[in-house]
Amino acid sequence: MPISENFKSIFSLDWEINFTQCAANGRLKYTDMSNIFQLTASAHSDSGGMSFFEMQQNNQAWVLSRMRLEVIKMPKWGDKVTVVTWIEVLENGRSIRNIEMYLGDKKLAGVSSLWAVLDTQRRRGAEQLAINSDHLERFPEKKATLIDNSRINYTRDTVTIAQHTVRLSDLDIVNHANNVKYVEWCLDVFDYDIIMKQQIKALNTNYLRELNLGDVVDIKMHKNEVNTLFTIEKNKKVCFCMEVEI
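So, a few notes on the structure that sits alongside this text. Because the structure is a prediction, the values reported are computed rather than measured. (Residues numbered from 1 in each chain as written. Predicted model: local features only at pLDDT ≥ 70, side-chain atom pairs only at ≥ 80, totals over all residues. Heavy atoms only, no water.)

1. Focus on the overall build of the protein
Regarding its fold elements, the protein presents four helices and eleven strands. In terms of overall size, the protein behaves like a compact globule, its C-alpha atoms giving a radius of gyration of 18 Å where 246 residues would be expected to give roughly 18 Å. Along the first, second and third principal axes, the C-alpha set of the protein runs to 50 × 45 × 35 Å. Here the contacts in the protein between residues at least 6 apart in sequence split such that 73% fall between residues at least 24 apart. Of the roughly 12,600 Å² of accessible surface on the protein, 48% is carried by carbon and sulfur atoms. Measuring between centres, the 30 positive side-chain charges of the protein sit 3 Å from its 32 negative side-chain charges. (Helix = DSSP H or I, 4+ residues; strand = E, 2+ residues; numbered from the N terminus. Rg over C-alpha atoms; globule rule 2.2 N^0.38 Å. Contact = heavy atoms within 4.5 Å. Areas by Shrake-Rupley, 256 points an atom, 1.4 Å probe, with all protein chains shown as cover. Lys, Arg positive; Asp, Glu negative; His and termini not counted. Charge placed at Lys NZ, Arg CZ, Asp CG, Glu CD.)

Spelled out as structure tokens, the structure:
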């Protein structure tokens, strides 16, 4: 679609939390919070003339490379929240996007995310964004998190705690496992009480290799006093890693 007449470089979208998005404690799931953030970022791209279909005219798509989600408090069923997003950096084939969630004027969560342009034919990173982005204002000093997204050192002794086979329901429109699914697979084997008591303060994620239908992966874990490290590996190569901070 063309650039919206109402396009704004700082974009906001309202959401009402429904019961299908909530865990057994009545609070929004961490994965559904990530989905809301992803959908808001997509809506912002659509309004700025960078929808998936426009990107596909040049065989390109935005894919998530890194994300740091810092949680202050999870909203509950029925809460009406506002999600705000803006671009911190956009150059060549990479972009840093910030996202915040508010309940009224109270901030609930913030995200610092790094996105890369994928060549969907060659299945590799593109050096340049094909669509002109001069109309997008950058906000290099405006942050949504206390700590920026960063690379994770995953070279630690890990133990295999589960296996997963990538299913049809894991795939997205780019025909690979959606980024939220990696988080879901890990949290499904994480400590139930920590999740129910909302003790997770941050999720730091790195996406290293795409996974496709039928891929069989090992979910591995390393736990210490500070955080828990998850890795997802295919043929002993790390495709994804996540630090859970309590």
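2. Here's the deal with the side chain of Thr 31
One can find Thr 31 in helix α1 (residues 30–47). Look at Thr 31 and you get buried, because its relative accessible area is 11%. The residues touching Thr 31, leaving out its near neighbours within four places in the chain, are Val 180, Val 183 and Glu 184. (Buried < 20%, exposed > 50% of the residue type's maximum accessible area, 1.4 Å probe, protein only.)

3. Some words on the pattern of salt bridges
Evaluated as defined, the whole model comprises 13 salt bridges. When the shortest N-O distance is used, the salt bridge between Arg 123 and Glu 210 registers 2.9 Å. Remark: Glu 210 occurs in the loop between β8 (202–207) and β9 (216–223) and Arg 123 occurs in the loop between β5 (106–119) and β6 (124–125); sequence separation between them is 87 residues. Among the salt bridges present, the one from Arg 156 reaches Glu 243, with a minimum N-O distance of 2.8 Å. With a gap of 87 residues between them, Arg 156 in the loop between β6 and β7 (159–165) and Glu 243 in strand β11 (residues 237–245) connect regions that are remote in the sequence. Under the relative-accessibility criterion, Arg 156 is labelled partly exposed at 24%. On the accessibility criterion, Glu 243 (13% relative accessible area) is buried. Overlapping salt bridges, with partners in common, bring together Arg 68, Glu 70 and Glu 245 in one network. (Salt bridge = Lys/Arg side-chain N within 4 Å of Asp/Glu carboxyl O.)

4. Overview of empty space enclosed by the protein
Throughout the structure, instances matching the rule amount to two cavities of 30 Å³ or more. Here the largest cavity defines a volume of roughly 50 Å³. Forming the boundary of the largest cavity are Ser 34, Phe 37, Gln 38, Leu 64, Met 67, Ile 99, Val 111, Ser 113, Trp 115 and Asn 179. Every element with two or more residues in the lining of the largest cavity is listed here: α1, β2 (60–71) and β5. Grouping the constituent residues of the lining of the largest cavity by class yields six nonpolar, four polar and no charged. (1 Å grid on protein atoms, 1.4 Å probe; cavity = no way out; pocket = protein on both sides within 12 Å on 5 of 7 lines; lining within 4 Å. Points joined across faces, edges and corners; volume = space filled by probe spheres on them. Nonpolar A, V, L, I, M, F, W, Y, C, P; charged D, E, K, R; others polar.)

5. So, helix α3 (residues 179–187)
Extensive coverage of α3 is indicated by the burial of eight of its nine residues. All of the buried residues along α3 are Asn 179, Val 180, Lys 181, Tyr 182, Val 183, Trp 185, Cys 186 and Leu 187. Where α3 begins, one side-chain oxygen reaches toward the backbone nitrogen of Val 180, 3.0 Å away; that side chain belongs to Asn 178. (Polar contact = N/O pair within 3.5 Å; in protein donor to acceptor, adjacent residues only side chain to side chain.)

6. Quick look at α1
Working note: α-helix, 3.6 residues per turn, so residues spaced by three or four point in the same direction. Here α1 contains 18 residues, and its C-alpha end-to-end distance of 26 Å stays within 8% of the 26 Å for a straight helix at 1.5 Å per residue. Buried residues dominate α1, accounting for 13 of its 18 residues. Backbone geometry just downstream of α1 places Gly 49 in the positive-phi region, at approximately 80°. (Expected span 1.5 Å × (residues − 1).)

7. Re unusual backbone geometry
With a phi close to 55°, Asn 59 is a non-glycine residue in the positive phi region. Checked against the element boundaries, Asn 59 lands in the loop between α2 (52–56) and β2. On the basis of relative accessibility, which here comes to 26%, the residue Asn 59 falls in the partly exposed class. Within the chain, Lys 236 stands out as a residue other than glycine whose phi angle is a positive 70°.

8. Section: the layout of surface pockets
Volume-wise, the largest pocket comes out at about 1,100 Å³. Listed by contribution, the elements that provide at least two residues to the lining of the largest pocket are α1, α2, β2, β3 (80–91), β4 (94–103), β5, β6 and α3. Broken down by element, the lining of the largest pocket gets its largest block of residues, seven residues, from α1. Considered class by class, the residues forming the lining of the largest pocket number 24 nonpolar, twelve polar and eight charged. Taken as a whole, the second largest pocket encloses approximately 290 Å³ of empty space. Residue lining of the second largest pocket: 13 residues in total, with Ala 23, Lys 29, Leu 187, Asp 188 and Ile 195 positioned closest to the centre.

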